[in-house]
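Structure at a glance
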Amino acid sequence: MSSSGDAAPKVVYWHRELPPLDGEPMHEDVIEATSDRVPETIEAHGELWHCCHDTLLEHSRVRLEQEVTRLGGDYAHVTDEHIDSQHDDASGESWLYGRFNYVLYQRRRLL
């Protein structure tokens, strides 16, 4: 049986979630992500919007975790986001597209 101490450290902090105080900002950056596609038009804040929003945030979290690792940081704090709905008339599918501004942090290393 695993204890809570075995859990992976949190990597993504969203908006009002305060990141740990032991970090130093490395730089600011932006990632883009999309939700899964759905076979209908997404109405603002309707049921499909919420479903797509959930998958968009999950895809964004995964992308942020990849970027934190790739750039040598320890965690990221999302400070701003812009989300739009997209629609492909040819396929009849819709999805959400998001741009997320974040600050990359590295934990202070003890000498």
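A short tour of the structure in this document, coming up. As the structure is a prediction and not an experimental result, all values here were calculated from the model. Every chain is numbered independently, its residues counted from 1 as its sequence is written. Owing to the predicted nature of the model, reporting of local features is limited to residues with pLDDT of at least 70; listing and counting of side-chain atom pairs is limited to 80 or more, with chain, interface and lining totals taken over all residues. To obtain the side-chain values, all non-hydrogen atoms of the structure were included, while hydrogens and water were left out.

A short note on helix 1 (residues 47–71)
Applied cut-off: By definition, any uninterrupted DSSP run of H or I lasting at least four residues is a helix, any uninterrupted run of E lasting at least two residues is a strand, and each is numbered from the N terminus. One less than the residue count of a helix, multiplied by 1.5 Å, gives the span that helix is expected to have. Whether a residue is buried, partly exposed or exposed follows from its accessible area with a 1.4 Å probe, protein chains only, as a fraction of its type maximum: under 20%, in between, or over 50%, in that order. Here a residue-residue contact requires only that any non-hydrogen atoms of the pair lie within 4.5 Å.
In this model, helix 1 (25 residues) spans 36 Å end to end at C-alpha, consistent with the 36 Å of a helix rising 1.5 Å per residue. Looking only at helix 1, the buried set comprises Trp49, Cys52, His53, Thr55, Leu56, Ser60, Leu64, Glu67 and Val68. The secondary structure elements touched by the buried residues of helix 1 are strand 1 (12–14), strand 2 (23–34), strand 3 (75–88) and strand 4 (93–107). Remark: Gly72 follows helix 1 within two positions and exhibits a positive phi of approximately 80°.

A word on the packing of aromatic side chains
Basically, it comes down to this: Each Phe, Tyr or Trp ring, with Trp reduced to its six-membered ring, pairs with another whose centre is within 6.5 Å; inter-plane angles below 30 degrees give stacked pairs, above 60 give edge-to-face pairs, and intermediate values give tilted ones.
Applying the stated criterion across every chain yields a total of 3 aromatic pairs. Relative to Phe100, the ring of Trp14 has its centre 5.9 Å away and its plane inclined at 80°; by these criteria the two rings are edge-to-face. Linking Trp14 in strand 1 with Phe100 in strand 4, this pair joins segments that are 86 residues apart in sequence. An angle of 20° between the planes, with centres 5.4 Å apart, marks the rings of Tyr75 and Tyr105 as stacked.

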